[in-house]
Amino acid sequence: MEFSLLVETFEQMEQTSSRLALTDYLVNLFKKTPANLLDKMTYLIQGKLYPDYEGVEMGLAERMALRAIANSSGKNLSEVEAIYQQTGDIGDAAGKAMVNKGQETLFSEPMTVERVYSTFDRIARTTGSGSQDTKLRYVSSLLNDASPREGRYIMKFVMGSLRLGIADYTVLDALAIAFTGDKQNREALENAYNVSSDLGTVARLLAEKGLEAIKSMQITLFKPIRPMLAERVVNAAEALERMEGKAAVEYKLDGERVQIHLSKDRVELFSRRLEKITDHYPDVAKASHSLKARETILEGEVVAINSQTGEYLPFQELMHRRRKHGVSEAVENYPVVVNLFDVLYLDGKSRTDLSYEDRRKLLLKVIKSGTNQIFNIVPQTVAGKESDIERFMAAAIESGCEGVMVKHLSSAYRAGARGYAWVKLKREYQSDLADTLDLVIVGALHGRGRRVGKYGAMLLASYDHKQDMFRSVSKVGTGFTDEHLDQFYKELEKHIIHQRHARVDTGMEMDVWFEPAMVIEVIASEITLSPSHTAAMDSIRPGFGLALRFPKFTGKVRDDKQPEDATDTEELVAMYKRQLKVHPETKTKEDS
Ligand code: AMP
């Protein structure tokens, strides 16, 4: 197929922003394309060589691109640079620079779409030392035989600046019209796209095998599935109403969504945007092999954790994993866990048509408990009352989650669809507490890993002066240096007691209890309602105490303070209310 045909269509498309017109141009182009070229054509019009999940990039440096244009146009490099300065786009610069270049010789190879694609492919696949020179030679081989109009698009493509604005759904419309004559068939195409994330394969299959083949297209291992998405609701009542009165409620973790594809000898992780992220999480990839499944596709949320307390850390901590070098240190320093929430494929069969309840049962079987520390099933409860959802949500927020996901018990997994079968309920406000708090250490957990022989986390209490009690408000395991940990271990030894102190009130279980003595300063991101801590119990909402979200030791031991001088529970209540005043639009029902 002549490359000039594609160039003409690109030029027409550039002139319009109307979706209808774009669709028409595409329909014409698809009809003229040989069936066995349709996959490549589909990628090319979206500025790609392969579906996104393959992660293939051209990787030609800008200076090399400018050199290629100079070579082929007969201009010198500084002239080409000047034109580039003017146009701001390397493709446009190539088009301009090449205008007066000599005619192609009689011996030049014809410019076909096949030739252009396979040269692009070679450029992308050339890696390692000296690869830039090789890539430059490939680009030049095309430019030497290209007209200025062709050169313009070749360079736009190579440099990733071909932006024709052709969305996936426009391609799907055009395919339906071009090959079935009926736009209604787009739905079947969309389903096929949702389970494969590969528009090129869908296009070619349709042209070669027809609509029936598209309708029977199945989930394939190592081709990511477009994820099911959730609508937002404002409160527990709306969530329950959407779910017809009874629903699964899951922690909504603040991490990165991951789709795990696993076979006996291969594992790949894909992000929500379906990019391959296996390299960011080698620990997760390795641990996947201990799951109880021969072949499976699972979905979960990767979350950074504090290795001592197991507490979830904010999403930003995962950024440390996005690097090319030093991954093994990052794995060591920034441990993660995966909370699995769905199974889409198991042992040769798609499971997306099963109900939520049945998929959850399968998922439980896949997670062989105790075999590794990375995989958990996401904490879940089944709720039939608003108060059940609210209680579960408070526990989720206190442990660092964003809120909860509420899911319809009998819903199938709808790949690529946003709907009310899943809804998200997020916490209402977010604040950074300006004040620090002074709290008493009343218990501790033994350390693990690097903290063996020290305490991993400490239980902190505030003082309730009315009843002369110490009521727990948080565990803290963050902000301690190794020296602190040694110092704390030594100092606290003299305060160890056999059981919880009579003046200490908490719902938490600890390895070691102390008499209230040592006061430390902490900061936190906010104060939240808590079903497990007892500070200011019932004062904001019946059955709930107050707790700290993302607490951190500031480094200050307040040995100038008696335990009774610690932050009082009444102060906590005042701080909680102040947060709400700062964000009045987010008041809860009970607070107004
Ligand atoms: P949002 O990004 O606010 O639209 O919320 C949807 C995202 O929440 C998903 O893409 C997941 O990354 C994340 N998430 C966290 N926990 C869950 C869960 N239990 N079920 C589904 N998605 C979850």
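Residues numbered from 1 in each chain as written. Predicted model: local features only at pLDDT ≥ 70, side-chain atom pairs only at ≥ 80, totals over all residues. Heavy atoms only, no water.

**Here's the deal with the overall build of the protein**
Link 1 in the chain: Broken down by element type, the protein carries 20 helices and 21 strands.
Link 2 in the chain: Out of the 592 residues in the protein, the part that is buried amounts to 54%.
Link 3 in the chain: Excluding contacts between residues fewer than 6 apart, the proportion of contacts in the protein whose partners are at least 24 apart in sequence is 73%.
Link 4 in the chain: In the structure as shown, the protein presents an accessible area of about 27100 Å², 46% of it carried by carbon and sulfur atoms.
Link 5 in the chain: The averaged location of the 86 negative side-chain charges in the protein is 3 Å from the averaged location of its 80 positive side-chain charges. (Helix = DSSP H or I, 4+ residues; strand = E, 2+ residues; numbered from the N terminus. Buried < 20%, exposed > 50% of the residue type's maximum accessible area, 1.4 Å probe, protein only. Contact = heavy atoms within 4.5 Å. Areas by Shrake-Rupley, 256 points an atom, 1.4 Å probe, with all protein chains shown as cover. Lys, Arg positive; Asp, Glu negative; His and termini not counted. Charge placed at Lys NZ, Arg CZ, Asp CG, Glu CD.)

**So, the pairing of strand β5 (residues 296-304)**
Link 1 in the chain: Burial within β5 is extensive, with nine of its nine residues counted as buried.
Link 2 in the chain: Across the two faces of β5 the burial is the same, with Thr296, Leu298, Gly300, Val302 and Ala304 and Ile297, Glu299, Glu301 and Val303 all buried.
Link 3 in the chain: Direction of pairing for strand β3 (residues 256-263) relative to β5: antiparallel, over a ladder of seven bridges. Within the sheet, the bridge partner assigned to arginine 257 lies in β5 and is glutamate 301.
Link 4 in the chain: Taken together, the nine bridges between β5 and strand β6 (residues 336-346) define a ladder with antiparallel strand orientation. Bridge pairing in β6 links valine 303 to valine 337. (Pairing = 2+ DSSP bridges.)

**Brief notes about helix α9 (residues 148-158)**
Link 1 in the chain: The element α9 is largely enclosed, with a buried count of eight among its eleven residues.
Link 2 in the chain: Looking only at α9, the buried set comprises Glu150, Gly151, Tyr153, Ile154, Met155, Lys156, Phe157 and Val158.
Link 3 in the chain: Residues of α9 that are buried in the fold lie against α1 (3-14), α3 (38-45), α4 (62-73), α6 (90-97), α7 (113-125) and α8 (131-145).
Link 4 in the chain: Where α9 ends, the next residue or the one after it, glycine 160, has phi of about 75°, a positive value.

**Structural notes on the site of the ligand**
Link 1 in the chain: In the region of the ligand, 14 residues are neighbours, and Glu250, Arg257, Glu301, Lys407 and Lys424 sit closest.
Link 2 in the chain: Within the side chain of lysine 252, an N or O atom sits 3.1 Å from an oxygen atom of the ligand.
Link 3 in the chain: Here arginine 257 contributes a side-chain N or O atom positioned 3.0 Å from an oxygen atom of the ligand.
Link 4 in the chain: Protein chains shield 88% of the accessible area of the ligand, which is 500 Å² for the free molecule.
Link 5 in the chain: Put simply, the parts of the chain that give the shell around the ligand at least two residues each are β2 (247-252), β10 (403-408) and β11 (418-426).
Link 6 in the chain: In the shell around the ligand, the residues fall into six nonpolar, no polar and eight charged. (Near = heavy atom within 4 Å. Polar contact = N/O pair within 3.5 Å; in protein donor to acceptor, adjacent residues only side chain to side chain. Nonpolar A, V, L, I, M, F, W, Y, C, P; charged D, E, K, R; others polar.)

**Describing the sheet that holds β2**
Link 1 in the chain: One open sheet accounts for five strands, arranged β1-β11-β10-β2-β9; its pairing is mixed. Of all strands in the sheet, those bounded by a partner on one side alone are β1 (229-232) and β9 (380-383). With direction set aside, neighbouring strand axes in the sheet form an average angle of 35°.
Link 2 in the chain: Relative to β9, β2 runs antiparallel, the two sharing four bridges. (Axes fitted to C-alpha atoms, helices over the stretch in contact; angles between N-to-C directions.)

**Some remarks on the nonpolar core**
Link 1 in the chain: Core analysis: the largest hydrophobic core is formed by 71 residues, its most contacted members being Leu6, Phe30, Ile45, Phe120, Ile154 and Met155.
Link 2 in the chain: Among the nonpolar cores identified, the runner-up in size contains 40 residues, and Phe222, Val233, Val378 and Ala415 belong to it. (Core = buried A, V, L, I, M, F, W, Y, C linked by side-chain atoms within 4.5 Å.)

**Quick notes on the confidence of the model for the protein**
Link 1 in the chain: For the protein, the average pLDDT comes to 91, and 95% of its residues sit at 70 or higher.
Link 2 in the chain: This stretch, residues 585-592, has a pLDDT under 50; its non-local contacts, to residues over four places away or in other chains, come to twelve contacts. (pLDDT = per-residue confidence, 0-100.)

**Things to note about the pattern of salt bridges**
Link 1 in the chain: A complete count under the given rule lists 39 salt bridges for this structure.
Link 2 in the chain: Across the pair aspartate 342 and arginine 359 runs a salt bridge whose closest N-O atoms are separated by 2.6 Å. Placement of aspartate 342 in strand β6 and of arginine 359 in helix α17 (residues 356-366) is noted, with a sequence separation of 17 residues between them.
Link 3 in the chain: The buried category is assigned to arginine 359, whose relative accessible area is 1%.
Link 4 in the chain: A salt bridge links glutamate 526 to arginine 549, with the shortest nitrogen-to-oxygen separation between them at 3.9 Å. (Salt bridge = Lys/Arg side-chain N within 4 Å of Asp/Glu carboxyl O.)

**Some points on the domain arrangement of the protein**
Link 1 in the chain: Taken domain by domain, the protein consists of domain 1 (3-158), domain 2 (229-430) and domain 3 (435-586).
Link 2 in the chain: In this complex, domain 2 contributes 22 residues to the contact, which on the side of domain 3 involves 28 residues.
Link 3 in the chain: Scanning the region where domain 2 abuts domain 3 turns up zero salt bridges.
Link 4 in the chain: Between domain 2 and domain 3 we count nine residue pairs in polar contact (both at pLDDT 80 or more) in total. (Domains from an automatic or database assignment.)

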